[in-house]
Amino acid sequence: MSIFIKNIKKLVNVRETAPSAPLKGREMLELPCMEDAWLFLEGDRIGRMGRMQDLASGEADAMEFCADECIDARGRMVFPSYCDSHTHLVYAGSREMEFMDKLRGLSYQEIARRGGGILNSVELLHNTSEDDLLLQTLVRAREIMSLGTGAVEIKSGYGLTVEDEVKMLRVARRVAEETPLEVRTTFLGAHAVPARYKGDREGYVDEIIRDIMPAVAAEGLADYVDIFVEEGFFTVDDACRIFEAAGKYGMQPKVHANQMSFSGGVQVGVRYGAASVDHLEFTGPEEFKALQGSGTIATLLPGATFFLDMDYPKAKEMLDYDLPLAIASNYNPGSCPSGDMKFMMALAMIKMRLTPETVLNAATVNGAFAMGVADRYGSITPGKKASLFVTREIPSYEFVPYSFTSQLIDTIILNGKIIK
């Protein structure tokens with residue numbers, strides 16, 4: 001199938017060649033665009049593009065005649081699909097009652113100690129069949145597609161047993177089969193210590209390495225391995241053990257790092273070549289220096305910071321240290337029940353004073369790098385996947401994060417197919 005999009009008011013994040021590395025520091029302030037543009041999609045790939053005024057007489061008519069579909073985007077803009085590099089999309093049920101507990105003054109840690117939090121989701125997931133879990137997850141998958149996401153990373157971590165961690169990751173793989181989303185999967189067995197190992201965290205780490213990880217690897221279910229390095233959860237030493245074991249299976253590290261304290265998660269992530277370290281509310285010069293030149297992406301999750309009413313990461317200081325930033329949703333039932341990347345960008349602008357250009361790059365190009373799909377997603381580049389969306393009539397690209405509750409998407413194209 002071929003699609004010709006003409007009279008595009010502005011093509012956003014146009015790059016003739018794909019960046020070879022994540023954008024960092026001041027590079028993130030640059031958002032290349034093309035005005036009064038056309039775009040030709042061939043099969044599932046971005047083909048040619050250019051300016052309408054540069055077309056020879058009759059050339060636009062010829063492309064329209066050859067195309068299977070033609071979209072007149074007059075007054076509208078085209079963006080690459082968002083790349084959401086940190087989600088917990090596979091879960092059962094919901095946890096709104098814990099939201100009420102939070103409003104009554106309980107902290108995240110206090111809720112967890114009472115058997116809520118992650119362990120609540122663990123019990124709900126254990127009592128849900130794989131097929132029912134898939135049906136619940138597909139609702140969320142279609143939701144994020146409708147909001148502009150085309151590539152997503154999905155973590156396990158609500159299983160905490162061999163059977164249930166495998167079940168979660170199978171569901172994540174099935175999402176990739178059932179939808180046009182690009183899905184990357186992450187084994188997060190070290191998300192919390194299950195009740196059966198209360199007081200024996202190291203024993204559970206032993207089980208992860210001995211039993212759960214090999215079972216996940218045997219079915220080829222995970223691209224990455226993650227760990228929640230935080231007081232009351234897992235330690236730097238635990239991370240070292242898990243990352244050493246994961247290396248035998250080709251799983252690249254990621255880290256839930258420095259969300260509630262200066263946990264050492266950033267440094268251990270850098271030491272093991274993590275694709276990203278995520279959260280980062282508690283960071284300073286020591287963490288920034290560790291990240292400099294490491295290739296590890298600092299991924300910010302402003303939706304969770306907002307929901308938990310915490311202080312936001314020092315994002316502008318990270319840019320001053322020439323770091324690459326990504327923005328992701330952290331869609332999950334406990335601390336961010338939303339996968340709306342437009343809202344995440346708005347929060348990053350309002351609360352961390354980032355520019356529209358920075359947040360758009362963080363949600364596309366660098367999000368793609370944070371989950372290993374930058375060769376195919378993240379920008380309007382010939383040869384990349386034809387995953388993008390056409391807006392309604394809007395005055396500027398800045399209007400997208402500015403108008404953070406408005407439905408601005410008119411047409412969604414994923415892998416060269418119009419899905420809306």
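Draft legend 1. Geometry of the overall build of the chain. Looking only at helices and strands, the chain has 16 helices and 17 strands in total. In summary, the chain has a C-alpha radius of gyration of 21 Å against a globular reference of 22 Å for 420 residues, a match within 12%. Across the 420 residues in the chain, those meeting the buried criterion constitute 61%. For the chain, the proportion of contacts with a sequence separation of at least 24, taken over those separated by at least 6, is 73%. Each charge class in the chain was averaged separately, 44 positive and 59 negative side chains, and the resulting centres sit 2 Å apart.

Draft legend 2. Region of the structure containing the packing of aromatic side chains. Counted by the stated rule, this structure contains 14 aromatic pairs. The interplanar angle of 40° and the centroid separation of 6.3 Å between the aromatic rings of tyrosine 204 and phenylalanine 234 together place this pair among those described as tilted. Within this pair, whereas tyrosine 204 is found in helix H7 (residues 201-218), its partner phenylalanine 234 is found in the loop between strand S9 (224-229) and helix H8 (236-247), the two being separated by 30 residues in sequence. Given the relative accessible area of 0%, tyrosine 204 is considered buried. The structure contains a cluster of three or more aromatic residues connected by ring pairs, namely Phe4, Trp38 and Phe40. We note arginine 48 situated over the ring of phenylalanine 40; from NZ or CZ to the ring centre the distance is 4.7 Å. Here the guanidinium or amino end of lysine 254 rests over the ring plane of tyrosine 224, the centre of that ring lying 5.0 Å away.

Draft legend 3. Structural detail: H8. Given a rise of 1.5 Å per residue, 12 residues ought to cover 16 Å, and the 16 Å separating the end C-alpha atoms of H8 matches this to within 8%. On its buried face, H8 is in contact with strand S8 (182-190), H7, S9, strand S10 (252-253), strand S11 (255-257) and helix H9 (265-271).

Draft legend 4. Here's a closer look at the pairing of strand S7 (residues 149-155). Most of S7 sits out of view: seven of its seven residues are buried. In terms of strand pairing, strand S6 (residues 82-87) meets S7 through four bridges, oriented parallel. When the bridges of S7 are listed, cysteine 83 appears paired with alanine 151. Pairing of S7 with S8 involves five bridges; the strand directions are parallel. Each residue of the ladder has a partner; that of isoleucine 154, found in S8, is threonine 185.

Draft legend 5. View of the side chain of threonine 358. Here threonine 358 lies in helix H14 (residues 356-363). Overall, the relative accessible area of 1% leaves threonine 358 in the buried class. In this structure the side chain of threonine 358 is engaged in a polar contact, spanning 2.8 Å, whose partner is the side chain of threonine 355. Ignoring sequence-local partners within four residues, the contact set of threonine 358 consists of Met28, Leu29 and Leu319.

Draft legend 6. Local environment of the environment of cysteine 66. Along the chain, the position of cysteine 66 falls in helix H1 (residues 59-66). When the C-alpha positions of cysteine 66 and cysteine 240 are compared, they lie 56 Å apart, and in sequence the two are 174 residues distant.

Draft legend 7. Quick peek at the pattern of salt bridges. This model, assessed by the stated rule, comprises 22 salt bridges. The closest approach of N and O atoms between aspartate 164 and lysine 167, which form a salt bridge, is 3.5 Å. Here the residue aspartate 164 and the residue lysine 167 both occupy positions in helix H6 (residues 162-178), the gap between them amounting to three residues, near one helical turn. Classification of aspartate 164 as buried rests on a relative accessible area of 6%.

Draft legend 8. Spatial organisation of the state of the cysteines. As enumerated under the stated definition, the model contains zero disulfides in all. Between cysteine 83, a cysteine without a disulfide, and cysteine 33, which holds the nearest cysteine sulfur, the sulfur-to-sulfur distance is 16 Å.

Draft legend 9. The arrangement of the environment of glutamine 259 in detail. Positionally, glutamine 259 belongs in the loop between S11 and H9. Overall, the relative accessible area of 3% leaves glutamine 259 in the buried class. Sequence separation between glutamine 259 and methionine 63 is 196 residues, and the spatial gap between their C-alpha atoms is 51 Å. Contacts of glutamine 259, omitting those with residues within four sequence positions, involve Phe228, Glu230, His279, Glu281, Phe282, Leu308 and Met310.

Draft legend 10. Examining the nonpolar core more closely. By size, the foremost hydrophobic cluster in this structure holds 114 residues, and its most contacted members are Phe79, Phe187, Met213, Val216, Ile242 and Leu325. Looking at which element gives the most residues to this core, the answer is helix H13 (residues 341-352), with eight residues. Setting aside anything within four residues of it in sequence, one finds methionine 213 in contact with Phe187, Ile208, Val225, Ile242, Ala245, Ala246, Tyr249 and Met251. In terms of nonpolar packing, the next biggest core, distinct from the first, is built from 19 residues, Met34, Ile46, Ile380 and Ile413 among them.

Here is what the cut-offs are and how they apply
- Residues numbered from 1 in each chain as written.
- Predicted model: local features only at pLDDT ≥ 70, side-chain atom pairs only at ≥ 80, totals over all residues.
- Heavy atoms only, no water.
- Helix = DSSP H or I, 4+ residues; strand = E, 2+ residues; numbered from the N terminus.
- Rg over C-alpha atoms; globule rule 2.2 N^0.38 Å.
- Buried < 20%, exposed > 50% of the residue type's maximum accessible area, 1.4 Å probe, protein only.
- Contact = heavy atoms within 4.5 Å.
- Lys, Arg positive; Asp, Glu negative; His and termini not counted.
- Charge placed at Lys NZ, Arg CZ, Asp CG, Glu CD.
- Phe/Tyr/Trp six-rings, centres within 6.5 Å; stacked < 30°, edge-to-face > 60°.
- Lys NZ or Arg CZ within 6 Å of the ring centre and 35° of its normal.
- Expected span 1.5 Å × (residues − 1).
- Pairing = 2+ DSSP bridges.
- Polar contact = N/O pair within 3.5 Å; in protein donor to acceptor, adjacent residues only side chain to side chain.
- Salt bridge = Lys/Arg side-chain N within 4 Å of Asp/Glu carboxyl O.
- Disulfide = S-S within 2.5 Å.
- Core = buried A, V, L, I, M, F, W, Y, C linked by side-chain atoms within 4.5 Å.

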